[in-house]
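Residue-level listing of the chains:
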Amino acid sequence: MPTVSCSRTINANSDAVWVPLADYMHIDRFSPGIVRVEALTSGENGVGSRRRNFFEDGNSVVEEVTGWKAGQSMLLKLTDMQAMPLTAADAEIRLTPSGGKTTVTWAFRYRMKFGPIGWVLGQTLLKMVMKKAIKSNLEGLARTVE
């Protein structure tokens, strides 16, 4: 599956960076593209937690945590993507601490609909859009933490 990945070093330790990420049902507090979140599960955040993210254009997507290493990483599976040209997608957020700073790497993997035409769109337009979204999320996370 094609992957879009961006990293950003944040001037804070990994515990501080993990706090807003671990507040899983509130990604809208630092992700500028998400206007609201609906919690689909209750209880402690971790593997099995599900949320619906609503975007400015009125569309939404469901994300489920499939991997969770507190303070280190999380894996997310995207579902309910009818408005998107995707058949499958997942994301990984990984923290790498170094000398009081933390590098956050956010990767998005996807499979496109529409055969060869979808492949071309995925290699061009979708990569560009997702790179911008990930960078925006990393910027919002950095502002929240720093």
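For the structure, check the block above.
Caption draft 1: Quick peek at the overall build of the chain. Helix and strand counts for the chain stand at two helices and seven strands. In sequence order, the secondary structure elements of the chain are arranged as β-α-β-β-β-β-β-β-α. The C-alpha radius of gyration computed for the chain amounts to 15 Å, which stays within 12% of the reference 15 Å derived for 146 residues, consistent with globular compactness. The principal-axis extents of the C-alpha atoms in the chain amount to approximately 45 × 30 × 25 Å. In the chain, which comprises 146 residues, the share counted as buried stands at 42%. A separation threshold of at least 6 residues defines the contact pool for the chain, and within that pool the share at least 24 residues apart is 47%. Carbon and sulfur atoms form 52% of the exposed surface of the chain, whose accessible area is close to 7800 Å². Across the chain, the mean location of the 18 positive side-chain charges is 7 Å away from that of the 14 negative side-chain charges.

Caption draft 2: Up close: the side chain of Asn53. Structurally, Asn53 can be placed in strand 3 (residues 50-55). Contacts of Asn53, omitting those with residues within four sequence positions, involve Ile27, Ile34, Arg36, Val37, Asn59, Ser60, Val61 and Glu63.

Definitions and cut-offs
- Residues numbered from 1 in each chain as written.
- Predicted model: local features only at pLDDT ≥ 70, side-chain atom pairs only at ≥ 80, totals over all residues.
- Heavy atoms only, no water.
- Helix = DSSP H or I, 4+ residues; strand = E, 2+ residues; numbered from the N terminus.
- Rg over C-alpha atoms; globule rule 2.2 N^0.38 Å.
- Buried < 20%, exposed > 50% of the residue type's maximum accessible area, 1.4 Å probe, protein only.
- Contact = heavy atoms within 4.5 Å.
- Areas by Shrake-Rupley, 256 points an atom, 1.4 Å probe, with all protein chains shown as cover.
- Lys, Arg positive; Asp, Glu negative; His and termini not counted.
- Charge placed at Lys NZ, Arg CZ, Asp CG, Glu CD.

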